[in-house]
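Remarks on the overall topology
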Amino acid sequence: AQTVTQSQPEMSVQEAETVTLSCTYDTSESDYYLFWYKQPPSRQMILVIRQEAYKQQNATENRFSVNFQKAAKSFSLKISDSQLGDAAMYFCASRQGGSEKLVFGKGMKLTVNP
Amino acid sequence: DGGITQSPKYLFRKEGQNVTLSCEQNLNHDAMYWYRQDPGQGLRLIYYSQIVNDFQKGDIAEGYSVSREKKESFPLTVTSAQKNPTAFYLCASTKSGSGGNYGYTFGSGTRLTVV
């Protein structure tokens, strides 16, 4: 069975600084996909970034990038130049290839200080 | 604009009553999901459906029921058998058979409170 672990329940960062959110996962499959979702106070879940396990290159979306360490089963999210609007809950998730189920970690609350 | 609509946004239920949460999508997605979100618990899967007239239990299906009579709609009924129904409920959908590359599209959620 898939599991996703986010060990830090809360973090804070100063505006304009960089922060890294950690995530580890466990799966027996070789074909899988990883995601980071953001949930702001509105509670709307927003897809931030995705990574295919078969790709060695780390995914990047503007100020968001991942550090995908396949052997260590680690999938951290780096937010550069943090903005006040980045304050939210962040969820790491995984989905096995051929499966329709997305498994989520318990989430991490990010605070951005002005 | 395509998306997922959940209604109502807030719902109050008396103990012992059944209540149905609505989820409608116009994305032409085959697969739909219901998640429950509690503080510190993340998102837990209640039920999911990959095709019309078919659905599967997730990790916490007890006390819930669903139907999938139309591709666009996947309502969730919280029955009186659900011991602790107060929570935030999220509906999601995705392209089916996509190989997993796509994440989910989420609705804006329904906050259910038992009074």
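Residues numbered from 1 in each chain as written. Chains lettered and ligands numbered in written order. Predicted model: local features only at pLDDT ≥ 70, side-chain atom pairs only at ≥ 80, totals over all residues. Heavy atoms only, no water.

Details of the overall build of chain B
Scanning chain B from terminus to terminus reveals 0 helices and 11 strands. Secondary structure elements of chain B, listed N to C terminal, follow the sequence β-β-β-β-β-β-β-β-β-β-β. The C-alpha radius of gyration of chain B comes to 13 Å, within 12% of the 13 Å expected for a compact globule of 115 residues. Counting only C-alpha atoms, chain B reaches 40 × 30 × 25 Å along its principal axes. Here chain B has roughly 5400 Å² of accessible surface; of this, 45% comes from carbon and sulfur atoms. (Helix = DSSP H or I, 4+ residues; strand = E, 2+ residues; numbered from the N terminus. Rg over C-alpha atoms; globule rule 2.2 N^0.38 Å. Areas by Shrake-Rupley, 256 points an atom, 1.4 Å probe, with all protein chains shown as cover.)

Things to note about the side chain of B:Ser93
Residues and elements named next belong to chain B. For Ser 93, the position within the fold is in strand E9 (residues 87-94). When its relative accessible area of 0% is taken as the criterion, Ser 93 is described as buried. Reaching out from Ser 93, the side chain makes a polar contact with the side chain of His 29 at a distance of 2.7 Å. (Buried < 20%, exposed > 50% of the residue type's maximum accessible area, 1.4 Å probe, protein only. Polar contact = N/O pair within 3.5 Å; in protein donor to acceptor, adjacent residues only side chain to side chain.)

Things to note about the pattern of salt bridges
Tallied over the full model, the rule gives 6 salt bridges over all chains. Across the pair A:Arg63 and A:Asp86 runs a salt bridge, and its minimum N-O distance is 2.8 Å. Within this pair, whereas A:Arg63 is found in the loop between strand E7 (60-61) and strand E8 (64-69), its partner A:Asp86 is found in the loop between strand E9 (74-79) and strand E10 (88-96), the two being separated by 23 residues in sequence. Linking B:Asp38 and B:Arg36 is a salt bridge whose minimum nitrogen-to-oxygen distance equals 2.7 Å. Both residues of the pair, B:Asp38 and B:Arg36, count as buried. A single salt-bridge network, built from bridges that share partners, covers B:Arg36, B:Asp38 and B:Arg44. (Salt bridge = Lys/Arg side-chain N within 4 Å of Asp/Glu carboxyl O.)

As for the packing of aromatic side chains
Going through the model one piece at a time under the given rule, you end up with 15 aromatic pairs over all chains. With centroids separated by 6.1 Å and ring planes inclined at 65°, the aromatic side chains of A:Phe104 and B:Phe106 adopt a geometry described as edge-to-face. One end of the pair, A:Phe104, is in strand E11 (residues 102-104); the other, B:Phe106, is in strand E10 (residues 105-106), on a second chain. Judged by its relative accessible area of 4%, B:Phe106 is buried. (Phe/Tyr/Trp six-rings, centres within 6.5 Å; stacked < 30°, edge-to-face > 60°.)

As for the confidence of the model for chain A
Summing up the model confidence of chain A, the mean pLDDT is 93 and the portion of residues at 70 or higher is 100%. Across chain A, the secondary-structure element scoring lowest on mean pLDDT is E11(A), at 91, and the one scoring highest is strand E3 (residues 19-21) of chain A, at 98. (pLDDT = per-residue confidence, 0-100.)

A short note on the pairing of strand E5 (residues 32-39) of chain A
The side chains of a regular strand alternate, residue by residue, between the two faces of the sheet. Residue and element names in this part refer to chain A. Burial within E5 is extensive, with 8 of its 8 residues counted as buried. Both faces of E5 are covered, namely the face carrying Tyr 32, Leu 34, Trp 36 and Lys 38 and the face carrying Tyr 33, Phe 35, Tyr 37 and Gln 39. Sheet topology note: the E5/E10 ladder contains 8 bridges and is antiparallel. Among the inter-strand pairings, Tyr 37 is bridged to a residue of E10, identified as Phe 91. Hairpin geometry of E5 and strand E6 (residues 46-52) is characterised by an intervening segment of 6 residues between the two adjacent antiparallel strands and by a positive phi of about 75° at Arg 43. (Pairing = 2+ DSSP bridges.)

Focus: the state of the cysteines
Residue and element names in this part refer to chain A. Evaluated as defined, the whole model comprises 2 disulfides over all chains. Two residues, Cys 23 and Cys 92, share a disulfide whose sulfurs are 2.0 Å apart. One disulfide, between Cys 23 and Cys 92, carries an S-S torsion of -70° and so falls in the left-handed class. Of the two residues, Cys 23 is situated in the loop between E3 and strand E4 (24-26) and Cys 92 in strand E10; the sequence distance between them amounts to 69 residues. (Disulfide = S-S within 2.5 Å.)

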